Amino acid sequence: MSGQSKQQRTDRALDALLVSVIRLGSEKEIDAERLPELTKEERAALDSLGPDFMDRILAGETSSCEERGPATDCGKSEPVLSGSFEGFGLNRAQEIEAETADELERRRREIVERKAREREKGGRSSA
Amino acid sequence: MSAVNPVVEGELEYYLREDPDYALRHLYENYRLEITQHIKWVTWGMLRPEELKDAFQETMLALVQKVREPGFDPSRPLRMVKAIARNKALDILRERRRHRVNTNHDAILDALAENLQGSDVAFGHGLLSPSGKVEFWDAVVAIVLTLPERQRVVARAFIDNFEDFGARDTYRPLADAVSAITGQMEDVVAVKSAWREAREKIRAGLVERGYGFIDGSAP
């Protein structure tokens with residue numbers, strides 16, 4: 001590093017510090033409230049997955065961009081589920097979201113009740 | 001403050017053990033925004049909206065596959081999801097933006113040691129407590145995310161290719177790295193200027209937050 005001015009050495013040290021902090025700390029987690037907000041366009045892209053996205057991938061119906069082959073230009077805006085929501089109005093999408101929320105709540109109650117029954121059975125049998 | 005709420009982790013782990021499909025739906029309904037925000041943070045906002053969506057989709061596909069593997073361990077599920085999301089995000093950054101993302105820490109240690117040794121900056125940082133270092137990292141990332149897009153791209157290329165730069169030959173290879181991302185011929189002077197501006201904003205931001213050692217003041 002001989003021949004460098006003091007300012008150059010300071011700049012280089014700061015560069016190295018920033019690199020070490022960012023590269024070596026790249027797997028740290030950040031609190032959720034400090035995460036960057038999504039823009040309107042980013043939210044719209046996420047929403048384009050559709051309200052029954054999970055139904056499809058749990059049923060194994062959705063292929064990833066990679067599985068569509070090397071010729072597929074994954075950079076283009078080509079929704080994986082293209083055509084799935086044609087003709088769906090906003091009201092229908094809202095109905096599906098409400099149905100999904102209801103279904104989730106129903107399943108959650110089932111799980112909790114089943115667990116409570118198992119605990120009760122286990123308590124009686126050990127008495 | 002813990003980055004991941006242990007109550008949330010416990011609840012998700014419970015659901016994964018009891019009913020994996022329900023747990024995955026619950027995760028999607030309640031955490032898809034947070035997961036996508038995490039992807040945006042990992043990539044410094046460099047992915048286009050469709051790419052963010054694709055990274056999220058790849059994450060969920062990989063997660064479904066993982067959950068269905070025999071012997072799947074549901075411990076710390078949100079941390080696991082974010083690790084998967086991070087890898088998928090970096091894959092897309094590498095493949096679609098032709099951005100070299102080097103996650104090999106060993107490759108840079110020599111370059112870092114050479115430039116940090118004996119410096120006031122390294123000394124000041126070394127005096128920080130472990131939690132102080134976390135806060136410092138937090139501050140650096142927060143400032144980086146406020147940089148204009150052009151400066152963020154150049155800064156990211158600089159940081160991810162640092163070990164390739166010599167003390168006397170930094171900006172030509174940096175311009176090449178930025179060219180690979182933007183797909184355009186990048187002017188060395190313009191790239192140098194962008195990095196210097198980014199670095200000055202980071203420096204000023206850190207000093208403003210009380211990290212005077214960045215400027216040679218007492219830590």
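Throughout, a residue's number is its position along its own chain's written sequence, starting from 1. Chains carry letters from A onward and ligands carry numbers from 1 onward, assigned in written order. Only residues with pLDDT of 70 or above have their local features reported here, since the model is predicted, and side-chain atom pairs are shown and tallied only from 80 upward, although totals for entire chains, interfaces and linings are computed over all residues. With hydrogens and water set aside, each side-chain value is computed from the structure's full complement of heavy atoms.

Next up on the list: the interface of chain A and chain B. On the chain B side, the residues contacting the 67 residues of chain A number 78 residues. Once two parts are brought into contact, the accessible area they lose, counted with a 1.4 Å probe and summed over both, makes up the buried area. Taking both partners together, chain A and chain B bury about 7200 Å²; carbon and sulfur atoms supply 62% of that area. The working definition used for a salt bridge is a side-chain nitrogen of Lys or Arg within 4 Å of a carboxyl oxygen of Asp or Glu. In this assembly, chain A and chain B are joined by five salt bridges. Notably, a salt bridge pairs R25(B) with D55(A), separated by 2.4 Å at the nearest N-O pair. Residues adjacent in sequence count toward polar contacts only when both atoms are side-chain atoms; beyond that, a polar contact is any pair of N or O atoms within 3.5 Å, and within protein one must be able to donate a hydrogen and the other to accept it. Counting every contact that joins chain A to chain B gives 10 residue pairs in polar contact (both at pLDDT 80 or more). Elements are defined by DSSP. Helices are runs of H or I of four residues or more, strands are runs of E of two residues or more, and each kind is numbered from the N terminus. Secondary-structure elements contributing two or more residues to the side of chain A that touches chain B are α1 (6–24), α2 (40–47), α3 (53–58) and α4 (90–126) of chain A. For the side of chain A that touches chain B, the element with the highest residue contribution is α1(A), accounting for 15 residues. Residue type decides the class: Asp, Glu, Lys and Arg count as charged, Ala, Val, Leu, Ile, Met, Phe, Trp, Tyr, Cys and Pro as nonpolar, and the leftover types, Gly among them, as polar. Partitioning the side of chain A that touches chain B into residue classes produces 29 nonpolar, 16 polar and 22 charged. Note on contacts: a residue pair qualifies if any of its non-hydrogen atoms lie within 4.5 Å across the two residues.

So, on to the confidence of the model for chain B. Do not read the predicted coordinates in detail wherever pLDDT is low. The quantity called pLDDT is the predictor's confidence in a given residue, expressed from 0 to 100. Confidence along chain B averages 87 in pLDDT terms, with 92% of residues attaining 70 or more. If you check the scores for this complex, the pTM reads 0.73 and the ipTM reads 0.78.

All names here are of chain A. Residues with a pLDDT of 70 or more make up 60% of chain A, whose mean pLDDT is 70. Taking the mean pLDDT of every element in chain A, the minimum, 68, falls on α4 and the maximum, 96, on α2. When the criterion is pLDDT under 50, residues 75–93 qualifies, and its contacts beyond four places in sequence or with other chains add up to 26 contacts.

The next thing to look at is the environment of W195(B). Structurally, W195(B) is set in helix α10 (residues 188–208). Three exposure classes are used, based on accessible area relative to the maximum for each residue type with a 1.4 Å probe and protein chains only: buried under 20%, partly exposed in between, and exposed over 50%. Judged by relative accessible area, which is 0%, W195(B) ranks as buried. In the structure, W195(B) is positioned 43 residues away from R152(B) in sequence and 8.7 Å away in space, judged by C-alpha atoms. Among all residues touching W195(B), those that are not within four sequence positions of it are D15(A), L18(A), V154(B), A155(B), F158(B), Y171(B) and L174(B).

Residue and element names in this part refer to chain B. Only protein atoms enter the 1 Å grid used here. Points where a 1.4 Å probe fits but cannot escape make up a cavity, open sets with protein on both sides within 12 Å along at least five of seven lines make up a pocket, and a residue lines them when an atom lies within 4 Å of a point. Grid points are joined across faces, edges and corners, and a volume is the space filled by probe spheres set on the points. The tally for this structure, following the rule as stated, stands at four cavities of 30 Å³ or more. Estimated volume of the second largest cavity: approximately 50 Å³. L12, L16, A23, L24, L27, L63, P77, M80 and V81 are the residues that line the second largest cavity. Broken down by secondary-structure element, the contributors of at least two residues to the lining of the second largest cavity are α1 (6–18), α2 (20–42) and α4 (77–96). Across the lining of the second largest cavity, the residue classes tally to nine nonpolar, no polar and no charged.

Before going further, it helps to examine the environment of A175(B). Residue and element names in this part refer to chain B. Examined against the element boundaries, A175 turns out to sit in helix α9 (residues 171–182). Residue classification places A175 among the buried residues on the basis of a relative accessible area of 0%. For A175, the contacting residues outside a window of four places in its chain are E186, V188 and V191.

Take the environment of A122(B) next. Residue and element names in this part refer to chain B. By secondary structure assignment, the location of A122 is in helix α6 (residues 120–126). For A122, a relative accessible area of 24% corresponds to the partly exposed category. Along the backbone, A122 and F72 are 50 residues apart, and their C-alpha atoms lie at a distance of 42 Å.

Okay, α9(B) next. All names here are of chain B. Helix length check: α9 (12 residues) gives 16 Å between terminal C-alpha atoms against 16 Å at 1.5 Å per residue, within 8%. Regarding α9, the residues found buried are Y171, L174, A175, A177, V178, S179 and I181. On its buried side, α9 packs onto α8 (149–160) and α10. Downstream of α9 by one or two residues, G183 has phi in the positive range, about 75 degrees. To estimate the expected span of a helix, count its residues, drop one, and scale the result by 1.5 Å.

With that settled, consider the pattern of salt bridges. All chains considered together, the criterion is met by 20 salt bridges over all chains. Measuring nitrogen to oxygen at the nearest pair gives 2.7 Å for the salt bridge that ties E34(B) to K82(B). Separated by 48 residues along the polypeptide, E34(B) in helix α2 and K82(B) in helix α4 bring together distant segments of the chain. Among the charged side chains, a salt-bridge network with shared partners connects D11(A), D15(A), R199(B), E200(B), R203(B) and D215(B).

Moving on, we get to unusual backbone geometry. All names here are of chain B. Phi at W44 takes a positive value of approximately 55 degrees, unusual for a residue other than glycine. With relative accessibility at 6%, the residue W44 sits in the buried group. Positive phi outside glycine occurs at R76, with the angle close to 45 degrees. Assignment of secondary structure puts R76 in the loop between α3 (49–67) and α4. Given the relative accessible area of 48%, R76 is considered partly exposed.

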